[in-house]
Structures are given as structure tokens and as C-alpha cells.
Protein chains: 2
Amino acid sequence: MDYAQFDRVRAVAPGTHFLELLDQRLLPGQILQLRLTTASQVVDAIASLQVRGAPAIGIAGAYGAWLAALEFAEHSDWRTQVRAALLRLRNARPTAVNLAWAVDQQLALLDGAVDAASLVNAFKAKADQIRADDLAANHLMGRLGAELIAQGSSVLTHCNTGSLATAGFGTALGVVRAAFAEGRIKETYAAETRPWLQGARLTAWELLQDAIPARLVADGAGALLFSSGRAHWLIVGADRIARNGDTANKIGTLAHACAAKQFGAKVMVVAPFSTVDMDCKDGASIHIEERSEDELLSYGGVRTVAEGVRAFNPVFDVTPAHLIDAIVTERGVVQGDFSRGLKLLGSTA
Amino acid sequence: MDYAQFDRVRAVAPGTHFLELLDQRLLPGQILQLRLTTASQVVDAIASLQVRGAPAIGIAGAYGAWLAALEFAEHSDWRTQVRAALLRLRNARPTAVNLAWAVDQQLALLDGAVDAASLVNAFKAKADQIRADDLAANHLMGRLGAELIAQGSSVLTHCNTGSLATAGFGTALGVVRAAFAEGRIKETYAAETRPWLQGARLTAWELLQDAIPARLVADGAGALLFSSGRAHWLIVGADRIARNGDTANKIGTLAHACAAKQFGAKVMVVAPFSTVDMDCKDGASIHIEERSEDELLSYGGVRTVAEGVRAFNPVFDVTPAHLIDAIVTERGVVQGDFSRGLKLLGSTA
């Protein structure tokens with residue numbers, strides 16, 4: 001299957017001597033392609049969430065290293081300057097695992113570099129490779145996930161796991177794209193995903209670009225989709241998967257999964273194998289980050305809540321493995337005994 | 001137990017020759033007491049959602065009849081004028097059962113009225129009675145519901161079922177108030193309730209007025225409250241209860257109920273017995289109203305979604321009886337066999 005038709009949206013794309021970023025803070029109201037020429041611009045773009053989504057951030061970081069090499073190639077202390085720039089990139093968002101992983105690969109190349117000119121080429125080649133690998137993994141996961149979906153199904157997805165969050169195509173949204181291309185999907189529902197509205201702002205927009213039939217729903221309407229037989233699958237990404245299959249993902253995922261299970265719909269988690277944390281025993285050991293209460297006190301910039309009201313704003317929830325039917329990675333699909341299956345995939349590196 | 005401490009917020013309250021309404025469209029940003037002197041002002045207030053919540057609308061309608069009698073008492077054709085005003089009131093929101101029920105009681109008094117002066121008094125007395133009965137029923141339901149809640153519990157509620165939706169105290173929120181007064185509740189969580197945000201705008205505000213410790217959460221965070229043991233009860237109102245206990249309520253209720261059941265928390269439905277529709281066999285026969293897609297596409301005039309995106313916007317969902325632990329009415333509490341229990345309560349009219 002050729003997925004070129006789904007290549008319209010690119011979160012991060014290299015130019016001749018610059019990096020293009022689609023400013024995700026402005027979507028969908030404004031489509032602005034940023035043209036970055038220095039590593040410190042990349043740092044700012046990552047820190048200010050102009051680029052978001054773990055794989056997309058990692059790719060931006062890898063190209064940020066390339067921009068640093070270009071910038072400092074003529075300096076006599078290029079090695080020192082580039083190293084400092086890479087460390088700033090690495091810390092642009094401290095909790096983003098993919099960012100550290102990508103920049104660390106460039107740091108290793110820096111250590112072995114003989115001159116600045118060859119470093120520029122090595123950084124560019126490595127960044128291109130990270131980007132290409134991510135896209136290929138997404139295509140593969142899309143194909144594997146789509147095989148599980150019966151003809152004529154409708155699906156619910158949550159948050160944004162598409163081209164905007166990755167090198168392209170997406171993880172969970174990649175499965176939606178692949179299944180749609182194969183004629184398996186009748187309708188896709190995108191949940192708004194409060195408080196940041198990634199579903200409303202980003203996923204609905206991406207699906208529109210690809211002319212995939214889709215409807216936006218309130219987060220609270222997910223359960224009705226399953227109880228009324230309107231949706232047959234919940235398809236979501238993952239921020240972290242414990243070795244027993246318990247999956248941390250954007251807040252709201254767990255509610256959809258409970259409802260899906262209650263009414264006999266199925267739950268698919270789609271994520272690169274790097275998301276599986278074999279050092280993490282189960283969901284109970286995953287720390288749930290809380291963010292500022294302010295995010296719940298206004299909506300689209302309009303204050304909706306009285307002064308003095310408190311909020312509780314967890315970013316993730318953990319869906320226990322027994323509510324999940326399939327975990328799809330680029331190394332293969334696990335169904336049933338997740339502990340055994342994930343361990344097996346881990347040994348096929 | 002004296003509940004006077006919870007009497008700060010009044011959605012509808014009669015004055016000497018006027019009716020006071022708290023404009024709910026402006027809350028919580030602005031607290032505006034409307035002073036209405038004619039029935040047609042009441043019609044406008046109901047139609048424009050300045051007053052909302054089925055019991056509150058019914059009470060407003062009953063006092064609207066009183067204002068009509070005051071207005072037309074000196075007219076020679078007072079009977080004709082008042083009847084026409086009452087029919088306009090009755091149709092201000094065609095689907096509001098409580099409104100028709102309240103206005104019909106005034107229409108019956110009109111038929112028996114001998115002169116306009118006595119009609120004014122009769123309408124006022126009837127409206128006062130409807131309001132007092134509603135408040136008394138809420139106090140009673142509060143007491144009955146609170147008995148089910150163990151000391152030190154925390155609860156999640158959805159939408160607005162408080163003083164703003166009723167004569168005062170509220171239904172589900174009345175149980176929260178009563179249980180709080182008895183020292184049973186540690187923390188109350190209010191779900192935002194997209195798309196109208198009644199939880200964020202109204203419930204959080206009401207709880208703040210009463211100094212009941214509360215936190216606002218995204219609708220999607222309800223499940224985490226139950227999975228993490230932060231909440232032990234889901235307490236909600238009802239728009240319609242089938243004779244088998246299946247309960248239609250504001251969209252988002254079902255998702256919370258599925259999660260509560262999954263993690264061993266309990267589900268309480270609180271509603272006056274008039275909400276039980278003995279002609280309705282089960283949830284499958286309850287029609288789910290859909291509202292305009294626009295409600296999901298923007299907020300407060302700020303467009304959040306790309307042009308061309310479609311939405312699916314159901315207003316209610318149906319929670320099956322087997323997910324519900326208790327239905328609390330002013331006639332008593334039903335647990336277990338809802339078909340039998342509701343039938344029994346129905347025969348105690």
C-alpha cells in the first residue's frame with residue numbers, strides 16, 4: 001500500500017540550510033511555516049510548544065544539531081560551540097525522552113568528528129535517518145493495526161497522534177489512515193481532549209486535510225459511541241507502556257477504555273517499541289504529572305470559572321492492561337499475554 | 001438537620017409584585033438579578049436560558065402565571081388575557097416537562113376562578129407551594145442520599161443539579177450538600193460538562209458560595225478519580241428514568257458510570273419521582289436529542305476548530321440500570337431490583 005496520499009501535513013521538514021516547522025500553537029486558525037536557521041531557534045520552538053509530540057520533538061532536536069554545526073562550522077572552537085548548543089537542545093523539554101535519545105545520537109557523532117564540514121554532513125544524515133525510521137515505523141504500525149479492524153468499522157481516537165506529532169502518518173492516527181486507505185473504516189470520531197483540545201484543534205484538522213470522514217465529539221460523548229454501537233474500536237497512542245501492558249496516555253483515555261470494555265468494543269494502543277519501559281513493572285509505578293490548574297479555568301482564552309475555584313489537572317491516566325485488546329508496535333502486535341508478548345518483542349531488537 | 005446555610009443561591013424567588021431571576025447565562029462572570037414584572041418577560045427568560053434546570057423552569061412558569069394575573073386583573077377580559085399568557089408560558093420550552101406540569105396546575109385554577117383578585121392570590125399560593133414542595137423534596141432526597149455515603153468519602157458530580165436548577169439545595173448537589181453538612185464528604189469533584197460547561201460555570205460556583213471544598217476536573221479525568229481511589233461515589237441527577245432504572249442524563253454521565261463500576265466506586269442517581277417515566281420500558285426507548293454541531297466548534301466566540309470539521313453533539317446518554325447502585329427520590333431510595341422498587345414507590349403516591 002502506498003501512503004503518499006497522507007503526506008500533506010509535515011510537522012518538521014528540512015530545507016537546504018534551514019528547518020521548516022509548522023507552528024502548532026496557531027493551528028487550526030492559522031497555518032504558519034516557521035523557517036529556523038539556528039539551534040537556539042529550535043530550542044525556543046520546542047520549549048514554547050510550537051512543535052509537540054514526542055517523535056516530532058526528537059526529530060526537531062536532531063535537525064537542531066545540524067543547524068548548530070552549520071552555524072559554527074567556520075568558528076575555530078566549533079567543537080565546543082556545537083557541544084554547548086546540543087546540550088541546550090537536549091534540555092529544551094527535560095521530560096521528553098525522544099529528544100534526549102535523538103540528541104544523544106548526535107553527541108556521539110560529535111565525539112568522533114574529525115572536522116566541522118564532515119560533522120555537518122553526519123548530523124544531517126543522522127537526522128534524516130531518525131526521521132525516515134520514524135515514518136517507516138508509522139507506516140508499518142499502520143499496516144499491522146489496520147489488519148485488526150473489520151470492514152465497515154467506526155473508531156474513536158483521542159488527543160493527537162498524527163503527522164503533527166511524528167515524522168508523518170502518525171501512530172494511532174496512522175492506523176486510522178491505513179485502515180481508511182484499505183476501506184475498513186466508515187467513520188472516525190475524534191475526542192476534543194480537554195484541556196488542550198489537541199483532538200479538536202489538531203486531529204480534526206489533520207483528518208480534514210486527508211478527507212477522512214470524521215466527527216468531533218466532546219470527551220464525555222465517547223461512552224455513548226460505544227453503548228450505541230456507533231464505534232467499534234478505541235485507537236490511541238501511548239506516552240509510556242509498562243512491561244505488563246499497563247499504558248499511560250493523555251487524560252481521558254481511561255474513560256474511553258472503560259466504556260469500550262463495558263459495551264464490547266475493542267481497545268488498540270499504537271506506539272513505537274521505544275515507548276515500552278521494561279524497567280516499569282506496572283501502571284502503579286508510573287508517576288502521573290499534574291499541570292497548572294489554570295488550564296481548566298478558561299476555554300479558548302475565555303475565563304469560564306469563578307475566581308477562587310480550584311481545579312485538579314492530571315495530564316495522563318493509566319489504562320490497565322486487562323482493558324486493552326492489542327498493543328501495536330513496529331516490531332509486531334501483542335494480544336493477550338502482554339508481559340510475555342512485550343518481552344518477546346524486546347528480545348528481537 | 002437545618003439546611004439554612006445552603007440558602008445563599010436562589011435561581012427563582014418572588015418579590016412583592018415581581019419575580020427575581022438570577023441570570024444563568026452570565027454566571028459566573030457576572031451576578032445579575034433580573035426583576036421580571038410580566039409573564040412575557042418570564043417567557044423570554046425561559047426561552048433564552050436565563051433560567052435553566054427543569055424544576056427551576058417549572059417554578060418560574062408558575063410565578064409567570066401570577067405576574068399575568070397581576071398584569072391583567074383590571075382588564076375586563078382578564079380571563080382571556082391570562083389564559084393566552086399561560087399558554088405562551090407553557091410553550092416557552094416545549095420539551096420541559098416540569099414547565100407544562102406547573103402551568104397546567106395554574107390553568108386548572110383559572111378555570112375555577114370567580115374573579116381576578118382571588119386568581120392573583122390563588123396563583124401566588126400555588127407557585128409558592130410548588131416552590132416549597134420542590135425545596136422540601138430536595139432536602140429529603142439530600143438526607144436520604146447522604147445516609148448512603150460513608151464518612152471520609154470523596155465524590156464526583158456532573159453538570160449542574162444544584163440551587164440554580166431547582167427551588168434550592170438541588171438534587172444530586174443536594175445530596176452533596178447534605179453529606180457535607182454531616183461531615184461525610186472530604187472532597188467534591190465537579191466535571192466541566194462539555195459542551196455547555198455547566199459544571200465549570202455553575203456547579204463550581206455554587207460549591208464556592210457554600211464553601212464546600214471542591215475541585216473542577218476535565219470530563220475525561222473522571223475515570224482517573226475512580227481508578228486512583230480519589231473518588232468513591234458518582235452522584236448525578238436525571239432527565240428521565242425508565243421503569244427498569246435505566247437513566248438518561250447529561251452527556252458524559254455514562255462515561256463516569258462505566259469507570260466507577262470498573263474500579264469499584266458507586267453510582268447514585270438523585271431525582272424527584274416525577275422523573276421516573278413508568279411508560280418507558282428501558283433506556284433503548286429513550287430518544288437521544290442531538291444539538292447543533294456549532295456548540296463543539298467554538299467557545300465564547302473563539303473558534304477552536306477548523307472550518308469544514310463536522311461534529312456529533314448528543315445532549316444526553318443513557319446509563320444502564322446495572323451500572324447504578326442507588327436511585328434516590330423524595331418517596332424513598334431504591335437499590336438492587338429497580339423495576340420492583342420503582343413500581344413500589346409509584347404505588348405510594
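Reading the values: rules and limits
Residues numbered from 1 in each chain as written. Chains lettered and ligands numbered in written order. Predicted model: local features only at pLDDT ≥ 70, side-chain atom pairs only at ≥ 80, totals over all residues. Heavy atoms only, no water. Helix = DSSP H or I, 4+ residues; strand = E, 2+ residues; numbered from the N terminus. Buried < 20%, exposed > 50% of the residue type's maximum accessible area, 1.4 Å probe, protein only. Polar contact = N/O pair within 3.5 Å; in protein donor to acceptor, adjacent residues only side chain to side chain. Contact = heavy atoms within 4.5 Å. Pairing = 2+ DSSP bridges. Buried area = accessible area lost by both parts, 1.4 Å probe. Salt bridge = Lys/Arg side-chain N within 4 Å of Asp/Glu carboxyl O. Nonpolar A, V, L, I, M, F, W, Y, C, P; charged D, E, K, R; others polar. Axes fitted to C-alpha atoms, helices over the stretch in contact; angles between N-to-C directions. Least-squares fit on C-alpha atoms with pLDDT ≥ 70 in both. Phe/Tyr/Trp six-rings, centres within 6.5 Å; stacked < 30°, edge-to-face > 60°. Lys NZ or Arg CZ within 6 Å of the ring centre and 35° of its normal. Parallel < 35°, antiparallel > 145°, perpendicular 65-115°, else oblique. Left-handed = near helix turned anticlockwise from the far one by under 90°. Arc of directions from axis to C-beta.

A word on the side chain of Asn-249 of chain B. Residues and elements named next belong to chain B. Tracing the backbone shows Asn-249 in strand 9 (residues 247-250). Among the residues examined, Asn-249 registers a relative accessible area of 5% and is labelled buried. A distance of 2.9 Å separates a polar atom in the side chain of Asn-249 from a polar atom in the side chain of Thr-253. Sequence-distant contacts of Asn-249, defined by excluding residues within four places in its chain, comprise Val-236, Gly-237, Ala-238, Asp-239, Val-315, Phe-316 and Asp-317.

With that settled, consider the pairing of strand 9 (residues 247-250) of chain A. Residue and element names in this part refer to chain A. Relative to strand 9, strand 8 (residues 240-242) runs antiparallel, the two sharing two bridges. Each bridged residue has a counterpart across the sheet, and for Ile-241 the counterpart in strand 9 is Thr-247. Note: strand 9 against strand 15 (residues 316-319), four bridges, orientation antiparallel. Counterpart to Asn-249 in the pairing with strand 15 is Asp-317.

On the secondary structure map, Leu-225 of chain A appears in helix 8 (residues 222-227). Spatially, the C-alpha atoms of Leu-225 of chain A and Ser-48 of chain A are 35 Å apart, while their sequence positions differ by 177 residues. When sequence neighbours within four positions are dropped, the list of residues in contact with Leu-225 of chain A reads Leu-156, Tyr-189, Val-217, Arg-230 and Ala-231 of chain A together with Phe-312 of chain B.

It is worth spelling out the interface of chain B and chain A at this point. Facing the 53 residues of chain B at the interface are 53 residues of chain A. Regarding the contact of chain B and chain A, the summed buried area is about 4,100 Å², with carbon and sulfur atoms giving 71% of it. In this structure, the connection of chain B to chain A is made through four salt bridges. Among the ionic pairs, Arg-194 of chain A bridges to Glu-192 of chain B, the shortest N-O distance being 2.4 Å. Applying the counting rule to chain B against chain A returns twelve residue pairs in polar contact (both at pLDDT 80 or more). Among the secondary structure elements, those contributing two or more residues to the side of chain B that touches chain A are helix 7 (198-209), strand 6 (214-217), helix 8 (222-227), helix 9 (253-262), helix 10 (294-297), strand 14 (310-311) and strand 15 (316-319) of chain B. Looking at the side of chain B that touches chain A, its residues break down into 34 nonpolar, eight polar and eleven charged.

Attention shifts here to the sheet that holds strand 1 (residues 12-14) of chain B. Residues and elements named next belong to chain B. Ordered by their spatial adjacency, three strands build an open sheet running 1-2-3, and the pairing between neighbours is antiparallel. Only two strands of the sheet have a single neighbouring strand rather than two, namely strand 1 and strand 3 (33-36). Strand-to-strand, the axes of this sheet are offset by a mean angle of 25°, without reference to chain direction. One ladder, built from four bridges, connects strand 2 (residues 19-22) with strand 3; its direction is antiparallel.

With that settled, consider the relation of the copies chain B and chain A. Superposing chain B onto chain A requires a rotation of 180° together with a translation of 0.0 Å along the rotation axis, leaving an RMSD of 0.2 Å. Considering both components of the superposition, the chain copies are consistent with a two-fold axis. Here 100% of the contact residues of chain B are again contact residues in chain A; the copies associate through an equivalent surface.

This part takes up the packing of aromatic side chains. As enumerated under the stated definition, the model contains ten aromatic pairs over all chains in all. With centroids separated by 6.0 Å and ring planes inclined at 70°, the aromatic side chains of Tyr-63 of chain A and Trp-66 of chain A adopt a geometry described as edge-to-face. With Tyr-63 of chain A and Trp-66 of chain A both in helix 2 (residues 54-72) and three residues apart, the pair spans about one turn of that helix. Across this residue pair, the class does not change: Tyr-63 of chain A and Trp-66 of chain A are buried. With a centroid separation of 6.4 Å and an interplanar angle of 45°, the aromatic rings of Tyr-3 of chain B and Phe-6 of chain B are classed as tilted. Through successive ring pairs, a cluster of aromatic residues spans Tyr-3, Phe-6 and Phe-169 of chain A. Sitting over the ring of Trp-66 of chain A, Lys-124 of chain A keeps its end group 5.6 Å from the ring centre.

Residue and element names in this part refer to chain B. Put simply, helix 2 (residues 54-72) and helix 3 (residues 78-90) touch, their axes get as near as 9 Å, and they point 155° apart. On the basis of the axis angle, helix 2 is roughly antiparallel to helix 3. The element helix 2 and its partner helix 3 pack so that their crossing is right-handed. When helix 2 is examined against helix 3, the residues Gly-61, Gly-64, Ala-65, Ala-68, Ala-69 and Phe-72 are found in contact with a partner set consisting of Trp-78, Gln-81, Val-82, Ala-85, Leu-86 and Leu-89. The residue inventory of the contact of helix 2 with helix 3, partitioned by class, reads nine nonpolar, three polar and no charged.

All names here are of chain B. For helix 11 (residues 338-346), the full list of buried residues reads Phe-338, Gly-341, Leu-342 and Leu-345. End-on, the buried residues of helix 11 take up no more than an arc of 95°, which puts them together on one face. Facing away from the buried side of helix 11, by more than 90 degrees, are the exposed residues Arg-340, Lys-343 and Leu-344. The N-cap residue of helix 11 is Asp-337: its side-chain oxygen and the backbone nitrogen of Ser-339 are 3.3 Å apart.

With that out of the way, let us pick up the pairing of strand 10 (residues 266-270) of chain B. All names here are of chain B. Judged by how many residues are buried, strand 10 sits mostly within the fold: four of five residues are covered. Inspection of the sheet shows strand 7 (residues 233-236) paired to strand 10 by four bridges, in the parallel sense. Residue Val-236 lies in a different strand from strand 10, and its bridge partner there is Val-269. As judged from the three bridges shared by strand 10 and strand 16 (residues 326-329), these two strands associate in the parallel manner.

The quantities given are spatial measurements derived from coordinates; they are silent on function.
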